[in-house]
Amino acid sequence: MSFTRQLSEMSASELNDAIDDTNFPQAHILSRGRNNSVCSTSSTSGTSSLAAPAEDVLATSTATPTPTGAVQATTAADEVAPSPVRPRLVLKSSSSIAENDGTQPITPMTPRTSTTPGRHENCTFHHDLELDHKPPTREALLPDMARSYRLLLGGLGENPDRQGLIKTPERAAKAMLYFTKGYDQNLEDVLNGAVFDEDHDEMVVVKDIEMFSMCEHHLVPFYGKVSIGYLPCNKILGLSKLARIVEIFSRRLQVQERLTKQIAVAVTQAVQPAGVAVVVEGVHMCMVMRGVQKINSKTVTSTMLGVFRDDPKTREEFLNLVNSK
Ligand SMILES: Nc1nc2c(ncn2[C@@H]2O[C@H](COP(=O)(O)OP(=O)(O)OP(=O)(O)O)[C@@H](O)[C@H]2O)c(=O)[nH]1
Ligand SMILES: [Zn+2]
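Remember, it's a predicted structure, so these values are computed and weren't measured experimentally.

A. Representation of the overall build of the protein chain. Each helix and strand in the protein chain was counted, giving twelve helices and eleven strands. When burial is assessed residue by residue, the protein chain has 50% of its 325 residues classed as buried. Intrachain contacts of the protein chain at a sequence separation of at least 6 include 72% that bridge at least 24 residues. Total accessible area on the protein chain is roughly 15,400 Å²; 56% of this is exposed by carbon and sulfur atoms.

Dropping the structure here:
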């Protein structure tokens with residue numbers, strides 16, 4: 001199973017494994033990619049992914065944070081002419097993730113996440129929903145979902161055959177499929193190859209990306225905005241792809257904490273930067289319309305990876321950019 005398929009189906013604990021085991025470049029230690037290349041001005045692709053074993057080669061070297069917070073590393077070889085290098089964020093491989101040996105809690109395989117090759121050309125259902133997904137499993141899901149919604153209406157004491165409700169089961173099923181269309185999207189398709197070699201080493205921030213998601217506990221929406229920052233390592237990502245990555249993971253049954261982490265890990269995998277930061281601010285209808293009914297409550301979650309985790313200056317620069325009006 002490809003990393004991106006894994007990533008999109010990782011459970012929170014698997015994500016934690018990926019992140020907590022991540023061999024981040026500490027301020028004083030330089031981690032190197034699989035072929036021992038340190039992120040330098042050449043566009044090396046020496047990176048690992050969760051699917052392939054990473055060589056966590058730690059080179060003892062001194063690294064001093066530069067004014068931008070970027071970690072400038074010099075090793076013996078660089079003593080003469082230290083080039084602006086920045087350690088690349090290396091996600092540690094983990095067999096417990098790459099080949100699930102049954103000990104790891106995994107996301108249950110549902111018809112939505114199955115990889116059965118679809119009869120895409122015959123799948124007329126999703127075309128009128130403008131849904132970009134592959135297998136025909138959406139079409140397969142719709143009738144059962146509509147039947148369940150019809151039962152739900154009956155359970156509410158309503159008459160599913162009255163004029164206003166007669167088409168509601170199918171409409172509601174289509175709406176729920178749209179709200180959760182992220183299950184049918186994966187990172188590779190969304191990136192569409194829009195990763196570009198660029199000798200750019202300043203922070204890139206895309207902020208206030210609208211997000212709509214579904215609380216997995218109550219099946220009611222939570223929505224808000226996402227801000228993403230990353231520190232390129234000679235590769236930049238098409239700006240819209242950051243928003244599309246938000247779409248993949250927000251359009252699912254979620255908790256905000258996992259959503260935040262999945263976005264950060266996806267950006268890491270997409271462009272192997274020196275660090276990624278994600279801040280999500282959400283309003284949860286399950287806290288506004290019911291339960292505690294706190295209309296003005298907002299939930300803010302963040303995930304800081306690599307130099308954003310290790311270097312306070314980098315983190316502060318990101319947060320200042322995100323909070324600036
Ligand atoms: N990093 C960066 N990306 C840019 C800039 N201007 C345009 N882009 C991105 O270039 C990428 C091109 O991606 P493609 O997938 O080839 O084009 P596309 O199909 O129009 O992509 P979408 O906009 O995602 O529909 C898009 O993600 C644009 O957002 C820029 O100034 N910087
Ligand atoms: Zn909830």
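Structure shown, so let's carry the discussion forward.
B. How the structure looks around the pattern of salt bridges. Summed over the entire model, instances satisfying the criterion amount to eight salt bridges. Between E170 and K174 there is a salt bridge, with its nearest N and O atoms 3.7 Å apart. With a gap of four residues between them, E170 and K174 both fall in helix α6 (residues 168-179), about one helical turn apart. Overall, the relative accessible area of 37% leaves E170 in the partly exposed class. Judged by relative accessible area, which is 24%, K174 ranks as partly exposed. Where salt bridges share partners, they join K181, E247 and R251 into one cluster.

Procedures and definitions
One numbering rule holds for all chains: residues counted from 1, following each sequence as written. By the order in which they are written, chains take letters starting at A while ligands take numbers starting at 1. Only residues with pLDDT of 70 or above have their local features reported here, since the model is predicted, and side-chain atom pairs are shown and tallied only from 80 upward, although totals for entire chains, interfaces and linings are computed over all residues. The side-chain values count all of the structure's non-hydrogen atoms but skip hydrogen atoms and water molecules. Secondary structure elements follow DSSP: runs of H or I no shorter than four residues count as helices, runs of E no shorter than two count as strands, and numbering proceeds from the N terminus. Only protein chains enter the calculation, and the probe is 1.4 Å; a residue is then buried if its accessible area is under 20% of its type maximum, exposed if over 50%, and partly exposed in between. In what follows, a contact means two residues having at least one pair of non-hydrogen atoms within 4.5 Å. For the area figures, the Shrake-Rupley method with a 1.4 Å probe applies, and any residue is considered shielded solely by the protein chains shown. Salt bridges are defined as contacts in which a side-chain nitrogen from Lys or Arg sits within 4 Å of a carboxyl oxygen from Asp or Glu.

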